[in-house]
Structures are given as structure tokens and as C-alpha cells.
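Residue-level structural notes
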Amino acid sequence: FNKRMEIILFSIIMFSLQSLPQLGKQIQERAAFQRERAAGLYSALEYFLAISVTDTPLHLIITVLFSVIIYATVGLTGSLSFYMLSMYVVLLFAYSAAHLLILLSSDAISALSACMALIAYSFLLNGQVVNRADMSDNLMWLYNTSFIYNAYEMMTVSEMESDEMVEAYGPVDSPLSYLTAYDFAPQDKWICFRTIAVATVVVRGLIFLVLHYKYVEMR
């Protein structure tokens, strides 16, 4: 059971890092967008919609291939469709957050530092590094701001809802030692999913606003 949870956490972190190799390329695309928009070739909305549509097939292919390989080789027993959906929303959030930080940064080094800081913050609050029992009650809300923690909870609960896990351990809230330690609850699965989805929508909206209002070059 613990090995499955480690694989789930590894999958989340790996997908969180997928956007980092694209930072240099996106810095160049940012400069090209500013010049071409100033030349009247397209608007910020048209550019935003274009990159959103063109990135979707790549994200889907990465998610499906990775999910099928991991699911089959590791022996996960939770819902494959929910695993794919969870990994896709994690990947989309990671790419969106990285894109926003690139637009707000002056260069690739600054953008990389900001992205790594975001991932490190979320990783520290994944429930394993900083134990919830050691956290002050007034700061418990910080866990809800960690996309890694939210993803870890919803995917762990999904894994435990499978028929094989229920048969092996009993009710869905077992093994109690694991769920209690991380304060995971079956009813929070879709709450965590909605949290990441809403955060992704908000970040995508901020990307458009930054493109529209910040990157305007006078002709």
C-alpha cells in the first residue's frame, strides 16, 4: 500500500516539473508575441486561445501515455479514468502557473527560481515533509494552498476506493493509520479536484490579463 502511495506522489511531482524545460522557449515566445501584437498581427485574446488549443493535445497525450504505463506496471487499483483526470489537471496547473510566472519575470533564471519556489512550497506542504501534527491550528489552511497536497489527497482516496483495497483493508477509511496521519477523507476527493481546477482557471485568467495589459509594445 505504501509503495502505491509513493508512486502517486512521484507521479504528481514529476508532472509538476514537466513545465520547467519549456521556460527558455516560452521566454522567446513572449518577446515574439510582444513584437507581433504591436505589429497588429493578432490580439492578446487570439494568442491566448491559440496557445490554449495547441497545448491541449500534447498535454492529453502525455497524460494518457504516462497514466497507462504507470497504472499497468505498478498495479494501481483505483479508477484509471480518475487517475488520468487528476494527472491532467495537475499538468495543466503546472504549465499554467509556469507560464504566468514567465510573463511576470524579467528573464528565464528569475522564472525558473519562481517556479521552483512554488513547487518546493507545495512539496513541503504535501503532508509528509511538514507533518500536520506539528503544524499550528492557525496555519492548517496552508495545506489547502498546496496543489501537491490536494492532488495527493484526491488520488490517494481514489486508490483506496477500489474494490481490491476495500476487500483487503475493509471500509474506505482504512487503513486508518494512513488516512488519519494525513487527514484525508473520502468526501474530500472531489473538493480537492475542484480546488486545483478552480486554481487553474484563475491562473489562466491571470495569464490573459497579463498578456493583454502588460505586453503592449508601441509601434
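Provided above is the structure to which this section pertains.
Within any chain, residue numbers begin from 1 and follow the written order of that chain's sequence. In keeping with the predicted nature of the model, local features appear solely for residues at pLDDT of at least 70, side-chain atom pairs appear and are counted solely at 80 or more, and the whole-chain, interface and lining totals rest on all residues. Hydrogens and water are ignored here; the side-chain numbers use all heavy atoms of the structure.

1. Some details on the nonpolar core
The condition is simple: Residues grouped as a nonpolar core are buried Ala, Val, Leu, Ile, Met, Phe, Trp, Tyr and Cys residues, joined through side-chain atoms within 4.5 Å. Note on classification: 1.4 Å probe, protein chains only; a residue is buried when its accessible area is under 20% of the maximum for its type, exposed when over 50%, partly exposed between these limits. Going along the chain from the N terminus, every DSSP run of H or I of four or more residues is numbered as a helix, and every run of E of two or more is numbered as a strand. Contact criterion: two residues are considered in contact whenever any of their non-hydrogen atoms come within 4.5 Å of each other.
Ranked by size, the top nonpolar core spans 46 residues in total, and within it Ile-12, Met-154 and Leu-211 carry the most contacts. Those elements that provide at least two residues to this core are helix 1 (2-16), helix 3 (44-74), helix 4 (80-104), helix 6 (147-160) and helix 9 (189-213). Beyond its immediate sequence surroundings of up to four residues, Ile-12 is in contact with Met-87, Val-90, Ile-148, Ala-151, Tyr-152 and Met-155. Counting residues in hydrophobic clusters, the runner-up holds seven residues, among them Leu-20, Leu-23, Ile-27 and Ala-111.

2. A short note on the side chain of Arg-30
What counts here: Only four residue types enter the charge count: Lys and Arg as positive, Asp and Glu as negative, with His and the chain ends excluded. Between Lys or Arg on one side and Asp or Glu on the other, a salt bridge is scored when a side-chain nitrogen of the former is within 4 Å of a carboxyl oxygen of the latter. Counted as a polar contact is a pair of N or O atoms within 3.5 Å, where, for protein atoms, one must be capable of donating a hydrogen and the other of accepting one, and residues adjacent in sequence contribute only when both atoms are in side chains.
Mapped onto the elements of the fold, Arg-30 is located in helix 2 (residues 23-38). In this structure Arg-30 is buried but unpaired, with Asp-107 as the nearest side chain of opposite charge at 7.6 Å. A distance of 3.4 Å separates a polar side-chain atom of Arg-30 from the backbone oxygen of Ser-106. Leave out the neighbours within four places in its chain, and Arg-30 touches Ile-102, Leu-103, Ser-105, Ser-106 and Tyr-215.

3. Remarks on the layout of surface pockets
Rolled over the atoms, a probe as big as a water molecule pinpoints where empty space is left. Rules: Cavity and pocket criteria rest on a 1 Å grid covering protein atoms alone: a 1.4 Å probe that fits but cannot get out defines a cavity, protein on both sides within 12 Å along at least 5 of 7 lines defines an open pocket, and an atom within 4 Å of a point defines a lining residue. Grid points are joined across faces, edges and corners, and a volume is the space filled by probe spheres set on the points.
Empty space within the largest pocket amounts to approximately 420 Å³. Around the largest pocket sit 21 residues that line it, and Gln-26, Glu-29, Ile-51, Asp-55 and Tyr-95 are the ones nearest its centre. Secondary-structure elements contributing two or more residues to the lining of the largest pocket are helix 2, helix 3, helix 4 and helix 9. For the lining of the largest pocket, the element with the highest residue contribution is helix 3, accounting for seven residues.

4. What about the packing of aromatic side chains?
Any pair of aromatic rings gets described here by the distance separating the centres and the angle formed by the planes. The condition is simple: Any two rings among Phe, Tyr and Trp, with Trp reduced to its six-membered ring, count as a pair given centres within 6.5 Å; such a pair is stacked if its planes are under 30 degrees apart, edge-to-face if over 60, and tilted if neither.
Under the counting rule described, the total for this entry stands at 10 aromatic pairs. Taking the centre distance of 4.9 Å and the plane angle of 50 degrees together, the rings of Phe-15 and Phe-66 count as tilted. Taken together, the residues span a long stretch of sequence, with Phe-15 in helix 1 and Phe-66 in helix 3 at a distance of 51 residues. Phe-15 gets classed as buried once you look at its relative accessible area, which sits at 1%. Geometrically, the ring pair formed by Phe-33 and Tyr-42 is stacked, given 6.2 Å between the ring centres and 15 degrees between the ring planes. The exposure class assigned to Phe-33 is buried, which follows from its relative accessible area of 1%. Grouped by ring-pair contacts, the aromatic residues Phe-33, Tyr-42 and Tyr-47 constitute a single cluster.

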